[in-house]
Amino acid sequence: HVGSILNRRSLLKIRGGSQRVIDAFEVHGIARQQIARVLPPELAIAPAAFSSADKLKDKVTPALLDWAANYLVLDRRWLDGVEARPHLCVDSYKNEGNYAEWLRQRLEVAPVVNRVLFVWTAEDPVLGSTSGGPVCLVYMEDSAGLDGGSLSRYWLLSDQWPIDHGSCVVSMLKVVGIARSLRILVVGRLVPAPVLRELEAGRIFAPQAQSSCGKLWYPEDMLPADAPAHG
């Protein structure tokens, strides 16, 4: 009896991993019937296997999950169901030199992609917002995808930074300054606070949060006048 319960739990976990793979690709703009097209040759899986989690569960292997995590830039532990958040988080709060080094590495690793540092807040800090909502730094690289389209990959560069906390604002501005000095486009957008909290909790993906983006705001307006200009 105990063995059968454990077996059912194991099957549910495997099915959950299958569903996470399908969900992750679809939210990144690759439909389940297209996933087989981007697989490497050594992971040849028939397109029909990706039509549902039940059909895919028998095809899930560590190699498939390793590849999916690398291809979409996801936390491998999330695909295993042992980490709550899907996106990799590069949080160097109060140690902005790490951000500079990490962004320079991205320039070297992926020199020809389009890249953006998003600064998502619920209110425009330039206008003196006093809310306690989060500020989310999200780095995106956009490269060639299927059929002439594009594929965007995301990293979180902050972890639960409240906009009404002075040190978090200072760190945010330093990261913005670093990005601009490296000629990385910086885009501020207003996003509802509940959406940002869902993102930080790992209950939605960055592309889903991006679809809720509203008005532009300009982080550069908060930088000192002698900060390096973008462009």
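It should be emphasised that the depicted structure is a prediction, and the values quoted were computed from it without experimental measurement.

## Brief notes about helix α8 (residues 193-201)
Within the sequence span of α8, burial applies to A193, V195, L196, L199 and E200. All buried residues of α8 project into a common sector of 160° when viewed along the axis, lining one side. Packed against the buried residues of α8 are β1 (114-121), β2 (134-144), β3 (150-156), β4 (161-162) and α9 (206-210). Looking one or two residues beyond α8, the residue adopting positive phi is G202, at roughly 85°.

## Observations concerning unusual backbone geometry
Glycine aside, residues mostly have negative phi, and peptide bonds are mostly found in the trans state. Even without being glycine, D147 reaches a positive phi, approximately 55°. Looking at the secondary structure, you find D147 in the loop between β2 and β3. Taking relative accessible area as the criterion, D147 reaches 60% and is therefore assigned exposed. Even without glycine at this site, Q160 takes up a positive phi of about 60°. Mapped onto the fold, Q160 is located in the loop between β3 and β4.

## Some words on the packing of aromatic side chains
In this description, a pair of aromatic rings is defined by centroid distance and the angle of the planes. The full count for this structure, using the stated rule, is eight aromatic pairs. A centroid spacing of 5.5 Å and a plane angle of 85° characterise the contact between W78 and F205, whose relative ring orientation is edge-to-face. In this pair, W78 is assigned in helix α5 (residues 76-80) and F205 in the loop between α8 and α9, connecting sequence segments 127 residues apart. With respect to burial, W78 and F205 carry one shared label: buried. Members of the aromatic cluster, each reached through a chain of ring pairs, are F25, W67 and Y71.

## Comments concerning empty space enclosed by the protein
Under the definition given, this model contains one cavity of 30 Å³ or more. Quantified by volume, the largest cavity comes out at close to 40 Å³. Per-element accounting of the lining of the largest cavity gives the leading share, three residues, to β2. A per-class count over the lining of the largest cavity returns five nonpolar, one polar and three charged.

## Examining the pairing of β3
Across the seven residues of β3, six count as buried, placing the element largely inside the fold. Here β2 folds back onto β3 in antiparallel fashion, the turn holding five residues, of which D147 has a positive phi close to 55°.

## A word on the environment of L43
Note on placement: L43 falls in the loop between α2 (35-38) and α3 (53-56). For the pair L43 and L64, spaced 21 residues apart in the sequence, the C-alpha separation amounts to 6.9 Å. L43 has contacts with A63, L64 and W67, leaving out every residue within four places of it along the chain.

## Observations concerning the nonpolar core
Grouped together as the largest cluster of nonpolar side chains are 28 residues, with contacts concentrated most on L117, V119, L137, L157 and M172. Looking at this core, the elements that each hand over two or more residues are α6 (96-109), β1, β2 and α7 (166-181). Of the residues forming this core, the biggest block, eight residues, is contributed by α7. Not counting residues up to four positions away in its chain, the partners in contact with L117 are L137, V138, Y139, L157, V175, V176, A179, I184, L185, V186 and V187. Core analysis: the next-biggest nonpolar cluster, separate from the first, contains 26 residues, L64, Y71, L72 and W78 among them.

So, how was this worked out
Residues numbered from 1 in each chain as written. Predicted model: local features only at pLDDT ≥ 70, side-chain atom pairs only at ≥ 80, totals over all residues. Heavy atoms only, no water. Buried < 20%, exposed > 50% of the residue type's maximum accessible area, 1.4 Å probe, protein only. Helix = DSSP H or I, 4+ residues; strand = E, 2+ residues; numbered from the N terminus. Arc of directions from axis to C-beta. Contact = heavy atoms within 4.5 Å. Phe/Tyr/Trp six-rings, centres within 6.5 Å; stacked < 30°, edge-to-face > 60°. 1 Å grid on protein atoms, 1.4 Å probe; cavity = no way out; pocket = protein on both sides within 12 Å on 5 of 7 lines; lining within 4 Å. Points joined across faces, edges and corners; volume = space filled by probe spheres on them. Nonpolar A, V, L, I, M, F, W, Y, C, P; charged D, E, K, R; others polar. Pairing = 2+ DSSP bridges. Core = buried A, V, L, I, M, F, W, Y, C linked by side-chain atoms within 4.5 Å.

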